Amino acid sequence: MYKLIMLIGSLLCLSVAVSAQKQITVPVSGECDQCQRRIETAAKGKGVSVAHWDVGSKMLHLEFDTTQANLNDIENRILKAGHDVDGKKAGTKAYNALPACCKYRVSAAGSTHEPEGQHSARAPHTATLPVAGACEQCQQRIETAARATGVSLAHWDVASKTLQLEYDAALTDLNTIEERILKAGHDVGDRKASAKSYNALPECCHYRVNEQQLKEFTVNSRVKTTQLSSLATARTEVMTSKELLKAACCNLGESFETNPSVDVSYNDAITGSKQIQLLGLSGNYTQLTVENLPGPRGLATPLGLNSIAGPWVESIQLTKGIGSVVNGYESIAGQINVELKKPENSERLYANVYVNDFGKTDVNVNLAQKINSKWSVGLLLHDDFLANKKVDFTKDGFRDVPTGNLFSGVNRWKYDNGKGFMTIFGVKVLKDEKKGGQIGYKPGSSLYGLGINTDRYEAFAKIGYTFPATPYKSIGLQLAGISHTQRSYFGVTKYDGDQKSVYANLIYQSIIGTTTHKFRTGLSFLNDDYNESLNTLKYKRTEVVPGAFFEYTFAPVESFSVVAGLRGDHNNLFGFFLTPRIHVRYEPVPGTTVRVSAGRGQRTANILAENMSVMASARTLQILGAADGKAYGLNPEVAWNKGISVDQKLTLFGRDAMVSADYFRNDFRNQVVVDLENPNEAKFYNLAGKSYSNSMQAEITAEPLPKLDVRVAYRYFDVKTTYSGVLKQRPLTAKHRVFANLAYGIKTWKFDYTVNYNGAKRIPMTAVSPEAYSPKYVTMNAQVSKTFAKKLDVYTGVENLTNFFQKDPVINAGQPFSAGFDASMVWGPVIGRMFYGGLRYKI
């Protein structure tokens, strides 16, 4: 215990000592080696550890302890020695006392020295300051706060936590710059930002976490579990790990149950798979990435959300509309980026066990170890299983969820040499076995059976280098290789698929003149090799897509910024295409943020995997495309997205609140239409006519009572597509949705309650009914959790509290091998009221 106390004390002393050190470079006039000795002698004093004047550049490099010395006193000592300092003139008496060889004010003609009060153009004043922060959001906030009149360069390095400055001392000074950074919520050296400004930072920016743990002090104000950066040019909502604790969140698909922007719905009534919907469009149109590397896509789309365990997730970044050209061209409805827990700063052990009332069990174990100052390693493990073959809320003879086992794991390593070079690499493994269908089904029986076996292996690496002398300049390489295999059957329909993908993205970023002008540019490469079979039909294709991109950021003032990007790609099947995108942010008055965006997206539809639910029916599949074999004979999908959002901060009930509204429109220039209007067939063809989506959302977040967070949202969708010449509302998409979430915390207890109202959805004609609309319905979820000794959380909850579920999700369930059988017309929950419980333990 004594050694532990000494170690903690040493760390605290070291952190204070480091934060008190300041490095700065000051222009000082002089001529020769005698001047050098005189200047350095004058500069040295109590607290000054380094004072070196360079004869060639006329620059004095200083390192000093701000608790024992200050820059003004050092400069005054140099002035008294007879040397001008950054535009400040030494007195005539002191200057005239210098030897003749040191008379730096003599002109080239050998005439008189420069009069006091006048001076030629000065070299920029440079400084390197320790500034506390945690992430890229911090970087943008710090640099924006530092920039103002007279500041030509402001770059904060995430790894070293240092801010590099260049500024004109005649127009501004170091203290003024530091004050702006402090007001933004970031400590500068030993100067602390106020508690109010610090607590206003998003949770991911709370750099004092370790300090709070060491000093054991309590922050009374609460951090919002979902954050929206007012400084980011693109409107990006960050769901923190605390937001994910509001529900069981066994996997990524369940992580959005407390978010009003994303719908999560069942794909069908027998596979148990779910899909997300953004802007009224299916999840196929949302680009899903994991730490900015490709996430589940292609053949993994229908079951991909199940493959990422909720307890692995550190945060989720949600961007509606078009994303960045740096991340590719596929984003149409938006981008969801998942950040996993990092090996260098995660809990050494995190364990989660979950079980519900029909027997589904999830076990998660996260391990992290910092090996030394450069290396760290993490292991994320997940296993879920269900053996109960009689889960049938609808009493139609079909299992509502399949039985089976899913195991997945991630092992990754991080190396950081502290000198600008960093790499992260690792592997991911997934093995998923599902069995479903009619309750009494066994292989070889005459009953309808379902089987889906998936094996997925991934290797990935991210390599980056930040130039030490110019920390605003860096280069990075992202690499990923994926092998995905699926073997499945749906009654007598057999579907197999193999996907091999290779991805590479090289990114270089720097500035143009000053940090007001930033850019990112690079090259990308994507190779997708698909091999699918549907009964006796074979579909093969290989897409090779090299590309290049350039993205420019213009941020002249804190209230205005623009990000404009353009990328060009060449698809070996479809030729060359351009992807332009732009984001604009403007804050006309403090607290009011307006953003607009526009851009193009393109993707190749994987019609079999993305519509696997159609296989759980007796429909005949028809692909109405050219017989060229490129991608089922269909052209790629192209859409243009436009959007505008307004976020208004205000005070309600004496506490901070936020009112937001956004509107997005997608216009498809080409689309692969999935036509289910005839109950006996499913047709796939390229759009001939109009197809568009209008999405409007209004939301308010407030704290009407202390520690009670309330979030209410209304969303309206107008989504229409031309089906065989007729413009119709897209099936199974509600026009109206109302969302409300209440979260209350007191001491070690947390209570969460979520309500969703879903409007009517259009249901295409089926074998038993004409075209119709579903009933409106309400679902409710609730959870209670209790924390013990800051290490153990015990939670219990209920999903679908009202026990509302679709009564007939499987059409013609009694004759699954006859015409009219269809398990894909799902418009509501297929599982009724479900209770669950579990525990989380961390060290």
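A few words now on the packing of aromatic side chains. Applying the stated criterion across every chain yields a total of 26 aromatic pairs. Where Trp375 meets Phe425, the ring centres are 6.3 Å apart and the plane angle is 85°; that geometry is what we call edge-to-face. Taken together, the residues Trp375 in strand β18 (residues 375–386) and Phe425 in strand β20 (residues 421–437) connect sequence positions 50 residues apart. Overall, Trp375 belongs to the partly exposed group, its relative accessible area being 30%. Ring pairs connect the aromatic residues Trp375, Trp413, Tyr415, Phe421 and Phe425, which therefore count as one cluster.

Moving on: the pattern of salt bridges. Under the criterion given, the structure shown has 44 salt bridges. We note a salt bridge from Lys360 to Asp362, for which the minimum N-O separation is 2.7 Å. Salt-bridge contacts for Lys728 lead to Glu771; the nearest nitrogen and oxygen are separated by 3.6 Å. You can see Lys728 sitting in strand β36 (residues 726–729) and its partner Glu771 sitting in the loop between β39 (762–763) and β40 (772–773), a full 43 residues away along the chain. Using a relative accessible area of 25% as the deciding quantity, one classes Lys728 as partly exposed. If you follow the salt bridges from partner to partner, you end up with Glu291, Glu314, Glu339, Lys342 and Arg412 in one network.

For the rest of this paragraph, the subject is the pairing of strand β35 (residues 708–723). A large share of β35 lies buried, amounting to twelve of its 16 residues. The sheet contact formed by strand β34 (residues 691–705) and β35 spans 13 bridges and is antiparallel. Residue pairing in the sheet places Glu699 in a bridge with Ala713 of β35. By the bridge criterion, nine bridges tie β35 to strand β37 (residues 736–746) in an arrangement that is antiparallel.

Looking at the protein chain, the pLDDT average stands at 89 and 94% of residues meet or exceed 70. The low-confidence segment residues 1–19, where pLDDT is below 50, has six contacts with residues more than four positions distant or belonging to other chains. Low pLDDT, under 50, characterises residues 107–121; the stretch is placed with 20 contacts to residues that sit more than four places away or in other chains.

Between helix α5 (residues 136–146) and helix α6 (residues 174–183), whose axes approach to 8 Å, the crossing angle comes to 140°. With respect to their mutual orientation, α5 and α6 come out oblique. Between α5 and α6 lies a crossing of right-handed hand. Judged by residue contacts, Ile142, Ala145 and Ala146 of α5 engage Ile177, Arg180 and Ile181 from α6. The residue inventory of the contact of α5 with α6, partitioned by class, reads five nonpolar, no polar and one charged.

Attention shifts here to the state of the cysteines. Here the structure, examined in full by the defined rule, presents zero disulfides. Cys205 supplies the cysteine sulfur nearest to Cys135, a cysteine that is in no disulfide, at a spacing of 3.5 Å.

On to the side chain of Thr403, then. Mapped onto the elements of the fold, Thr403 is located in strand β19 (residues 403–416). The exposure class of Thr403 is buried, given its relative accessible area of 9%. Looking at Thr403, its side chain comes within polar contact range of the side chain of Arg399, at 3.2 Å.

A separate point is empty space enclosed by the protein. In this structure the tally under the stated criterion is twelve cavities of 30 Å³ or more. Its boundaries defined by the atoms lining it, the second largest cavity holds a volume of some 170 Å³. Within the residue set of the lining of the second largest cavity, elements represented by two or more residues are β19, β20 and β21 (449–466). Partitioning the lining of the second largest cavity into residue classes produces eight nonpolar, four polar and three charged.

Further remarks concern the nonpolar core. In terms of nonpolar packing, the biggest core is built from 51 residues, with Ile270, Phe490, Tyr495, Ile607 and Val810 touching the most fellow members. Put simply, the parts of the chain that give this core at least two residues each are β21, β24 (514–534), α10 (607–610), β33 (681–686) and β43 (834–842). Each residue touching Tyr495, except ones within four places of it in the same chain, is listed here: Leu299, Gln486, Arg487, Ser488, Glu532, Ser533, Leu534, Leu608, Ala609, Met612 and Met615. Val131, Cys138, Leu165 and Tyr167 belong to the second-largest nonpolar core, a separate cluster that totals 50 residues.

In this section: a nonpolar patch on the surface. A cluster of nonpolar side chains, namely Val353, Val363, Phe385, Phe788, Val794, Leu839, Tyr841 and Ile843, defines an oily patch on the protein surface of about 600 Å² accessible area. Among the secondary structure elements, Val794 is positioned in strand β42 (residues 792–799). A relative accessible area of 36% places Val794 in the partly exposed class.

To continue, consider the packing of helix α2 (residues 33–43) against helix α3 (residues 71–80). Two elements in contact, α2 and α3, have axes separated by 8 Å at closest approach and are oriented at 140°. Relative to α3, α2 is oriented oblique. Remark: the crossing between α2 and α3 carries right-handed chirality. Across from Ile39, Ala42 and Ala43 in α2, the residues of α3 making contact are Ile74, Arg77 and Ile78. Partitioned by chemical class, the residues of the contact of α2 with α3 number five nonpolar, no polar and one charged.

Let us look at the environment of Ile270. As for its placement among the helices and strands, Ile270 is situated in the loop between β9 (262–266) and β10 (274–278). Distance from Ile270 to Thr258, taken between C-alpha atoms, is 25 Å for residues twelve residues apart in sequence. Apart from the residues within four sequence positions on either side, Ile270 is in contact with Phe398, Arg399, Pro402, Tyr448, Leu450, Ala616, Val810 and Ala823.

Moving on, we get to the sheet that holds strand β8 (residues 236–240). On the basis of which strands lie adjacent, the open sheet formed by six strands has the order β7-β8-β14-β15-β12-β13 and mixed pairing. Edge positions in the open sheet fall to β7 (226–228) and β13 (293–294), since each of these has one partner strand only. Of the pairings in the sheet, the one linking β7 to β8 comprises three bridges and is antiparallel in character. By the bridge assignment for β8, Thr226 is matched with Met239.

What follows deals with α6. Of all the residues in α6, the buried ones are Leu174, Ile177, Glu178, Ile181 and Leu182. Relative to the axis of α6, the buried residues are bounded by an arc of 140° and lie together on one face. Where α6 is buried, its residues contact β1 (21–27), β4 (125–130), α5, β5 (151–157), β6 (162–167) and α7 (195–199). Its side-chain oxygen placed 3.1 Å from the backbone nitrogen of Asn175, Asp173 serves as the N-cap of α6. Gly185 sits one or two residues past α6 and shows a positive phi near 105°.

The rules we used
The numbering scheme is per chain: residues are counted from 1 as the chain's sequence reads. Given that this is a predicted model, residues contribute local features only at a pLDDT of at least 70 and side-chain atom pairs are listed and counted only at 80 or more, while totals for whole chains, interfaces and linings are drawn from all residues. Remark: hydrogens and water are excluded; side-chain values derive from all non-hydrogen atoms of the structure. Working definition: a ring pair exists when centres of Phe, Tyr or Trp rings (six-membered ring for Trp) sit within 6.5 Å. Plane angles under 30 degrees give stacked, over 60 give edge-to-face, the rest tilted. Each helix is a run of H or I in the DSSP string that is no shorter than four residues. Each strand is a run of E no shorter than two, and both are numbered from the N terminus. Any residue under 20% of the maximum accessible area for its type is buried, any over 50% is exposed, and the rest in between are partly exposed; the area is computed with a 1.4 Å probe on protein chains only. Salt bridge, as used here: a side-chain nitrogen of Lys or Arg that lies within 4 Å of a carboxyl oxygen of Asp or Glu. Whether two strands pair depends on DSSP finding at least two bridges between them. Each residue carries a pLDDT score, the predictor's confidence in it, ranging from 0 to 100. Whether two residues are in contact is decided by their heavy atoms: any pair within 4.5 Å suffices. Note on definitions: angles span 0 to 180 degrees between N-to-C directions of axes, and those axes are lines fitted to C-alpha atoms, for helices only across the stretch in contact. Every angle not falling under 35 degrees, over 145, or within 65 to 115 is termed oblique; those three ranges are roughly parallel, roughly antiparallel and roughly perpendicular. Note: crossing handedness is left-handed where the near helix turns anticlockwise from the far helix by less than a right angle, and right-handed where it turns clockwise. Three classes are used: nonpolar for Ala, Val, Leu, Ile, Met, Phe, Trp, Tyr, Cys and Pro, charged for Asp, Glu, Lys and Arg, and polar for all others, with Gly counted as polar. The disulfide criterion is simple: two cysteine sulfur atoms within 2.5 Å. Pairing of N or O atoms within 3.5 Å defines a polar contact, subject to two protein rules: one partner must be a possible hydrogen donor and the other a possible acceptor, and residues neighboring in sequence count only if both atoms are side-chain atoms. The way it works is a 1 Å grid over only the protein atoms, where trapped points that fit a 1.4 Å probe form a cavity and open points with protein on both sides within 12 Å along at least five of seven lines form a pocket, and then any residue with an atom within 4 Å of a point lines it. Grid points are joined across faces, edges and corners, and a volume is the space filled by probe spheres set on the points. By nonpolar core we mean a set of buried residues, namely Ala, Val, Leu, Ile, Met, Phe, Trp, Tyr and Cys, connected to one another through side-chain atoms within 4.5 Å. What goes into a patch is any residue over 30% in relative accessible area without a salt bridge, connected to like charges within 9 Å or, for nonpolar side chains (Val, Leu, Ile, Met, Phe, Trp, Tyr), within 5 Å. Here the accessible surface of atoms and residues is derived via Shrake-Rupley with a 1.4 Å probe, and residues count as covered only by protein chains that are part of the display. In this description, the arc belongs to the directions extending from the helix axis to the C-beta atoms.

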